[in-house]
Amino acid sequence: MKAPTTAVGSQHWLFKSEPTEFSIDDLQRVGREAWTGVRNYQARNYMRDAMQLGDLAFFYHSNCAVPGIVGIGRISRKASADPTQFDPDSAYYDPKSQPDHPRWQCVQLGFERKLKRCISLHEISQKAAALGNLALLQRGNRLSILPVTAPQWNFILSLE
DNA sequence: GCCAACGTTGGC
DNA sequence: GCCAACGTTGGC
């Protein structure tokens, strides 16, 4: 018997986005968005190797007045080649990536809902003891896509 | 705007 | 493979 694969939609993630670039309101308006432009190998590996259709993700506003979690999205398409890597006009163009061996991948994130209120990084930091080693709170973390455990997910949502 | 904490690049 | 230089992230 084959080992069971990870159940569809059973995992949780956190996606960072600068609201001046792409906010939760933008996601709500367009409904779904290909998460292009990730140029970090670890973040890519999370998308390419781990994310399953239906996984849930916190939508986090970074580099803004009140950084924090503002909404929820859901993986609506599994990873595929990020087209911006082949577009010379794109800010994310990667001349070293070959079309037959794409270096970068992206998933599609669908809008699920906005939180009733922003759960700020400040507030999350204050609850650090209850959250264990939440990747978001790890020192020096700069990844734009982070894993969240089910207990962490449930605890953060309970703050809403 | 500052700056700590990275990840990446490229010379050697 | 080492590592200095450089670029980026992102909170503050």
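A brief report on the enclosed structure follows. (Residues numbered from 1 in each chain as written. Chains lettered and ligands numbered in written order. Predicted model: local features only at pLDDT ≥ 70, side-chain atom pairs only at ≥ 80, totals over all residues. Heavy atoms only, no water.)

**Overview of the layout of surface pockets**
Taken as a whole, the largest pocket holds about 570 Å³ of empty space. In terms of lining residues, the largest pocket is bounded by 19 residues, among which Lys-16, Ser-17, Glu-18, Glu-21 and Tyr-92 are the most central. For the lining of the largest pocket, the secondary-structure elements that each account for two or more residues are β1 (12-17) and β2 (32-34). (1 Å grid on protein atoms, 1.4 Å probe; cavity = no way out; pocket = protein on both sides within 12 Å on 5 of 7 lines; lining within 4 Å. Points joined across faces, edges and corners; volume = space filled by probe spheres on them. Helix = DSSP H or I, 4+ residues; strand = E, 2+ residues; numbered from the N terminus.)

**Things to note about the sheet that holds strand β5 (residues 105-120)**
Read from one edge of the open sheet, six strands run β2-β5-β4-β3-β1-β6, paired in mixed fashion. The open sheet is flanked by β2 and β6 (145-148), the only strands paired with a single partner. Here the average twist between neighbouring strands, direction ignored, is 35°. Relative to the sheet, helix α2 (residues 41-50) contacts β1, β4 (68-81), β5 and β6, its axis offset from that of β5 by approximately 110°. Along the sheet, helix α5 (residues 150-158) makes contact with β1, β3 (56-61), β4, β5 and β6, crossing β3 at roughly 55°. (Pairing = 2+ DSSP bridges. Axes fitted to C-alpha atoms, helices over the stretch in contact; angles between N-to-C directions. Contact = heavy atoms within 4.5 Å.)

**Description of the nonpolar core**
Soluble globular proteins tend to bury their nonpolar side chains together. Among the nonpolar cores identified, the biggest contains 36 residues, and Phe-15 and Trp-35 are the most heavily contacted of them. Contributing elements (two or more residues each) for this core: β1, α1 (24-30), α2, β3, β4, β5, β6 and α5. Per-element tally for this core: the top contributor is β3, with five residues. (Core = buried A, V, L, I, M, F, W, Y, C linked by side-chain atoms within 4.5 Å. Buried < 20%, exposed > 50% of the residue type's maximum accessible area, 1.4 Å probe, protein only.)

**Quick notes on the pairing of β1**
Within a regular strand, side chains alternate between the sheet's two faces. The buried fraction of β1 is high, at six of six residues. Of the two faces of β1, the one lined by His-12, Leu-14 and Lys-16 and the one lined by Trp-13, Phe-15 and Ser-17 are each fully buried. Note: β1 against β3, six bridges, orientation parallel. Bridge pairing in β3 places Ser-17 opposite His-61.

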